Amino acid sequence: PGKGNIILTGSLGDVMKESAHLAFDYLKSNYEQYKIDYNLFENYDIHIHVPEGAVPKDGPSAGVTLTTTLLSLFTNTSIPTSIAMTGEMTLRGKILPIGGLKEKVIGSHRNGIRTIFIPRQNEKDLDDIPLEIKKEIRFILVDRYQDIKQVLFKLKRRSQKNDPRNIQLPLD
């Protein structure tokens, strides 16, 4: 319950806080397109917390991930944990390029990720990723958040419903 506020606590820098607000506002302004009950925006507070023990997060690359997390919450839809994504976005859903793609891909690969959504504008950075890692990862290039949603929910329909790797965030 609440009044439609977004509360951000923990180890979040200013850029990450802006990304969280943008993700919330993007979904709120596109609630019909994403089949979200608008009352959720008015009658619940959303609290995002990154523990202080975590590495401080302040780069502009989490917008698509925060949007996907909130979309999962608002639609009560689980997202496979075998998928990663990176990219900042605008209020209109345009995906912006990010820095440090090579490091993010190597870290994701090390953790068993085999599908990664990246901004199309970062396609040139794929040349920097070791070939042995590139061969094992499916890169999905995206221009708009809608691209992520369409592919992600197709992938979800193909996966098993009771797959324990899927995380469901219930809204009580």
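Enquirer: Please give an account of the packing of aromatic side chains that cites residues and values.
Expert: Think of a pair of aromatic rings as described by two things: how far the centres are apart, and how the planes are tilted against each other in angle. For the structure on display, the rule yields eight aromatic pairs. Their ring planes at 55° and their centres at 4.7 Å tell us that phenylalanine 41 and phenylalanine 74 sit as a pair that is tilted. A residue pair is termed long-range when its members are at least 10 positions apart, and phenylalanine 41 in helix H2 (residues 39–43) and phenylalanine 74 in helix H3 (residues 63–75) qualify at 33 residues. Classification of phenylalanine 74 as buried rests on a relative accessible area of 7%. Each residue in the set Phe24, Tyr31, Tyr38, Phe41 and Phe74 is aromatic and connected to the rest through ring pairs, giving one cluster.

Enquirer: Now, about the nonpolar core: what can you tell me, with residues and values included?
Expert: Ranked by size, the top nonpolar core spans 36 residues in total, and within it Leu27, Ile36, Ile46, Phe74, Phe117, Tyr145 and Ile148 carry the most contacts. Those elements giving two or more residues to this core turn out to be strand E1 (6–10), helix H1 (14–29), H2, strand E2 (46–50), H3, strand E4 (83–85), strand E8 (138–142) and helix H6 (145–158). Here this core takes seven residues from H1, the largest share from any one element.

Enquirer: An account of the pattern of salt bridges is requested, with residue identities and associated values reported.
Expert: In the structure shown here, the tally under the stated rule is three salt bridges. When the shortest N-O distance is used, the salt bridge between glutamate 136 and arginine 114 registers 3.6 Å. Remark: arginine 114 occurs in the loop between helix H4 (101–110) and strand E7 (115–119) and glutamate 136 occurs in the loop between helix H5 (131–134) and E8; sequence separation between them is 22 residues. Residues aspartate 143 and arginine 120 are paired through a salt bridge, measuring 2.9 Å at the closest nitrogen-oxygen approach.

Enquirer: Provide a residue-level description of H3, including the pertinent values.
Expert: Taking 1.5 Å per residue as the helical rise, H3 with its 13 residues ought to reach 18 Å, and the 18 Å between its terminal C-alpha atoms agrees with that figure. Counting buried residues along H3, 10 of its 13 residues qualify, which places the element largely inside the surrounding structure. Residues of H3 that are buried include every one of Gly63, Val64, Leu66, Thr67, Thr68, Leu70, Leu71, Ser72, Leu73 and Phe74, and no others.

Procedures and definitions
Residues numbered from 1 in each chain as written. Predicted model: local features only at pLDDT ≥ 70, side-chain atom pairs only at ≥ 80, totals over all residues. Heavy atoms only, no water. Phe/Tyr/Trp six-rings, centres within 6.5 Å; stacked < 30°, edge-to-face > 60°. Helix = DSSP H or I, 4+ residues; strand = E, 2+ residues; numbered from the N terminus. Buried < 20%, exposed > 50% of the residue type's maximum accessible area, 1.4 Å probe, protein only. Core = buried A, V, L, I, M, F, W, Y, C linked by side-chain atoms within 4.5 Å. Salt bridge = Lys/Arg side-chain N within 4 Å of Asp/Glu carboxyl O. Expected span 1.5 Å × (residues − 1).

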